[in-house]
Each structure stands twice: as structure tokens, then as C-alpha cells.
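Each chain, written out:
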Amino acid sequence: MNHYLRNVLALIAAVCLAIPTPGHGGGENNGGTGVWILPACANVTLTSQDPNAASRAGTTLSNTLADVRLRVESSMSASSATFTDDLSGTVVGMQVSGRIVTIPKQLLQALEQSAIRKATVIISDESQCGYVIRVSILSDGRVRLRVL
């Protein structure tokens with residue numbers, strides 16, 4: 001009888017460990033630090049810059065009141081980042097510090113006041129590996145980021 005009791009207790013423990021539980025902010029925003037961890041990088045080509053392409057990943061932020069920080073993949077070498085407004089075509093360089101790229105809130109707020117309210121962020125390294133990210137300001141003021 002003692003042998004069966006141990007097996008039943010082991011089975012109950014295994015079931016309890018296998019039941020999914022609610023998690024924390026992990027992965028997508030780096031444990032709640034406000035940094036969005038981007039998926040694997042890809043070659044940046046003309047076709048990857050098509051605004052109608054299917055997105056590989058995406059996130060929506062509540063407003064334009066804070067800078068958006070993006071963490072690039074560790075396999076990328078030193079990278080550079082640009083922000084291009086769809087309305088004017090103006091290209092603005094962005095701050096890159098190590099693996100963190102920052103989209104300043106001032107650019108997002110200016111985009112919010114624009115007629116088109118869409119832009120493209122390109123992050124790439126010397127081997128043209130990186131990300132094409134579409135930035136859209138929604139009608140309710142939220143910021144949508146899509147990795148193409």
C-alpha cells in the first residue's frame with residue numbers, strides 16, 4: 001500500500017508542475033523594463049521594406065509620451081538606425097547604445113501630428129542584416145510597431 005501511495009503522490013506532484021500558470025512581462029518587454037526585445041534579424045532588402053508585407057512580430061504601446069527602446073539580436077555587429085517619415089520622406093538618425101536602439105518620443109509626437117502618421121525604422125549592421133519596422137500612430141493615440 002505504501003508503494004501505491006508514493007506513486008500517487010508523485011503523479012499529483014507531476015500534474016501540479018505541468019499545469020500552466022500566469023507569467024510575468026518576460027521576453028517581450030525585457031521583464032518590465034520597457035525594452036522590446038526584437039526577434040531574429042534578417043537581411044534588409046527592398047522587398048523587406050514593403051509596408052504591406054506580413055509582419056514577423058509586433059507590439060502596441062499605449063501612447064507617445066515615452067521613448068521606445070528596442071533591443072536587437074546579439075548576433076548583429078555594431079548597428080545604425082534611421083527613422084523615415086512617410087509624409088515628408090525625411091530621414092533622421094537615431095541613438096544606438098550597444099544593443100539598444102531608442103526611438104525618441106519627440107519623433108513619435110511629431111508623427112502623431114502628421115497627416116499620414118506612419119514611418120519606417122531601419123536598423124542594420126555592416127552586413128545589411130537587421131530589421132525593418134513599420135511605426136503607425138493609431139487614431140486613439142496608441143503606437144503600433146511591426147517588424148517586417
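This text follows the structure it describes.
What comes next concerns the included structure. Predicted model, so just to flag it, every value in this text is computed and none were measured.

Here we have four strands laid out as an open sheet, ordered β1-β4-β8-β7, and mixed in their pairing. At either end of the open sheet lies a strand with only one pairing partner, and these are β1 (35-37) and β7 (95-97). Strand-to-strand twist in this sheet, taken as the mean axis angle between neighbours without regard to direction, amounts to 25°. Taken together, the three bridges between β1 and strand β4 (residues 68-71) define a ladder with parallel strand orientation.

Overall, the coordinates contain two salt bridges when judged by the stated rule. The partner of Asp-86 in a salt bridge is Arg-134, and the shortest N-O contact between them spans 2.7 Å. Here Asp-86 is found in the loop between β5 (79-85) and β6 (91-93), whereas its partner Arg-134 is found in strand β10 (residues 129-137), with 48 residues between them in sequence. For Asp-86, a relative accessible area of 31% gives the class partly exposed. A residue is classified by how much of its surface remains accessible, and Arg-134, at 6% relative accessible area, is buried.

Our focus in this paragraph is the side chain of Ser-114. In this structure, Ser-114 sits in the loop between α2 (105-113) and β9 (118-125). At 3.4 Å, the side chain of Ser-114 forms a polar contact with the backbone nitrogen of Ile-116.

About the thresholds
Residues numbered from 1 in each chain as written. Predicted model: local features only at pLDDT ≥ 70, side-chain atom pairs only at ≥ 80, totals over all residues. Heavy atoms only, no water. Pairing = 2+ DSSP bridges. Helix = DSSP H or I, 4+ residues; strand = E, 2+ residues; numbered from the N terminus. Axes fitted to C-alpha atoms, helices over the stretch in contact; angles between N-to-C directions. Salt bridge = Lys/Arg side-chain N within 4 Å of Asp/Glu carboxyl O. Buried < 20%, exposed > 50% of the residue type's maximum accessible area, 1.4 Å probe, protein only. Polar contact = N/O pair within 3.5 Å; in protein donor to acceptor, adjacent residues only side chain to side chain.

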